[in-house]
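Here's the letter readout for the chains.
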Amino acid sequence: MPELPEVEVVRAGVEPAVTGARVTAVEVFEPRSLRRHDPLTGPFAPQLEGHRLLGAVRRGKFLWLPIDTGRALVIHLGMSGQVLLREPGSEADRQLRIRLHLEHPDHGELWLNFADQRIFGSMAIDRMQPTGDGLPGGYAGAGTGAWSGLIPDQVAHIARDLIDPDFGTDAALAALARRGSGIKRVLLDQTWVSGIGNIYADEALFAAGLHYEQPASSLSRTEGIRLLDAVRTVLMRALAEGGTSFDAQYVNVNGQSGYFSHSLAVYGRQGTACPRCGTLLVREQFMNRSSHLCPVCQRLH
DNA sequence: AATGTTTCCTGGGTGC
DNA sequence: TGCACCCAGGAAACAT
């Protein structure tokens, strides 16, 4: 269930460890974790072994590590993926799928473990293409290089996210007005605005006072702006929390320990009082997913 | 073209 | 205590 804030914590956590590090060995324990790797572009491990990683970049929930070959290691955590930095020789993590052996000029040897219970996540080597607008492909912290204006092929269709300084509000609002489906479906569409999953969608809709089935095109411009602001606020708040509990040595993004659940107002809180009006929160089925909302604060109109 | 549905996955939790 | 279920959902593939 990692969404943008959790992925950003991973990005920030791995950035110092991987930037400038050389990959000395790759172990793939679960080939299904390479589902998004296109074998036509060459085999996975040899494109890493002996090569240097240059940084850590994120757009929405996609994370990629540019390689000195001009390509990138693309990481998606899916539902249950974790990136864990470990001392060489340490005991294997549960559901360990892939392990990279790294050698950093300053920090020495390190293992980068990719663990993933449900195998919805993946690692892949991908080609890079220029961003259409010449702007950075994603958020890279302090890192910069020739790869800054590039984006992996499989991420090119993903929209910029709401904490990206180059996010285009006007274009997003215009697209919103053309969409007839329910607003939650649009929020979860990564080609409109990226980084939002089921949890923060529910949180943002609550903050904006909107029902998940409200047709996107029925929102006024003011409501659209309010919704985008709500999403941004929810993401930033989670990010601030994650930043404070972050351990630089072990990047742990899981549904349990590493998940920023303390600040959730409605998600998973059905049957408890709405923090705004006191009405009992409800949980409903929507798109084969669960939606959590206050039936009073979030009415269809 | 845009929208809706199915599929991939597994282990922790639940109920009998 | 054991065991068969059920459930979570990100995103692409597929169907309408």
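Residues numbered from 1 in each chain as written. Chains lettered and ligands numbered in written order. Predicted model: local features only at pLDDT ≥ 70, side-chain atom pairs only at ≥ 80, totals over all residues. Heavy atoms only, no water.

Taken as a whole and assessed by the stated rule, the structure comprises 1 aromatic pair. Plain terms: the ring middles of Tyr 212 and Phe 286 are 4.7 Å apart, the flat faces sit at 50° to each other, and that makes the pair tilted. Within this pair, whereas Tyr 212 is found in the loop between helix H4 (198–208) and helix H5 (221–244), its partner Phe 286 is found in strand S11 (residues 282–286), the two being separated by 74 residues in sequence. Across the pair, exposure class does not vary: Tyr 212 and Phe 286 are buried alike. Directly above the aromatic system of Trp 111 lies the positively charged group of Arg 99, at a separation of 3.9 Å from the ring centroid. Directly above the aromatic system of Phe 206 lies the positively charged group of Arg 276, at a separation of 4.5 Å from the ring centroid. (Phe/Tyr/Trp six-rings, centres within 6.5 Å; stacked < 30°, edge-to-face > 60°. Helix = DSSP H or I, 4+ residues; strand = E, 2+ residues; numbered from the N terminus. Buried < 20%, exposed > 50% of the residue type's maximum accessible area, 1.4 Å probe, protein only. Lys NZ or Arg CZ within 6 Å of the ring centre and 35° of its normal.)

Let's shift gears to helix H1 (residues 4–18). The end-to-end C-alpha separation of H1 is 20 Å, in line with the 21 Å expected for 15 residues at 1.5 Å each. Burial runs high along H1: 13 of the 15 residues are buried. Looking one or two residues beyond H1, the residue adopting positive phi is Gly 20, at roughly 85°. (Expected span 1.5 Å × (residues − 1).)

Reading across from one edge, S1-S6-S7-S5 is the order of the 4 strands in this open sheet, with antiparallel pairing throughout. Two strands lie at the open edges of the sheet, namely strand S1 (22–28) and strand S5 (81–86), each paired on one side alone. Recorded for the sheet is a direction-independent mean angle of 15° between the axes of neighbouring strands. Two strands pair when backbone bridges link them, and strand S6 (residues 96–104) and strand S7 (residues 108–116) are joined in this way by 8 bridges, in the antiparallel orientation. Bridge pairing in S7 links Leu 96 to Ala 115. (Pairing = 2+ DSSP bridges. Axes fitted to C-alpha atoms, helices over the stretch in contact; angles between N-to-C directions.)

Inspection of every chain in the model, using the stated rule, returns 0 disulfides. Of all cysteine sulfurs in the structure, the one in Cys 294 sits closest to Cys 274, which takes part in no disulfide; the separation is 3.7 Å. For the unlinked cysteine Cys 277, the closest cysteine sulfur is that of Cys 294, found at 3.7 Å. (Disulfide = S-S within 2.5 Å.)

Here Gln 214 shows up in the loop between H4 and H5. With 86 residues separating them along the chain, Gln 214 and Leu 300 place their C-alpha atoms 5.8 Å apart.

What follows deals with the pattern of salt bridges. Side chains that differ in charge, positive against negative, can pair when their charged atoms come close. Throughout the structure, instances matching the rule amount to 14 salt bridges. The salt bridge partner of Arg 58 is Glu 8, with a shortest N-O separation of 2.7 Å. Note that Arg 58 is positioned in strand S2 (residues 57–59) and Glu 8 in helix H1, a separation of 50 residues in sequence. Judged by relative accessible area, which is 8%, Glu 8 ranks as buried. Residues joined by salt bridges that share partners form a network here, namely Glu 8, Arg 11, Glu 15, Arg 58 and Asp 161. (Salt bridge = Lys/Arg side-chain N within 4 Å of Asp/Glu carboxyl O.)

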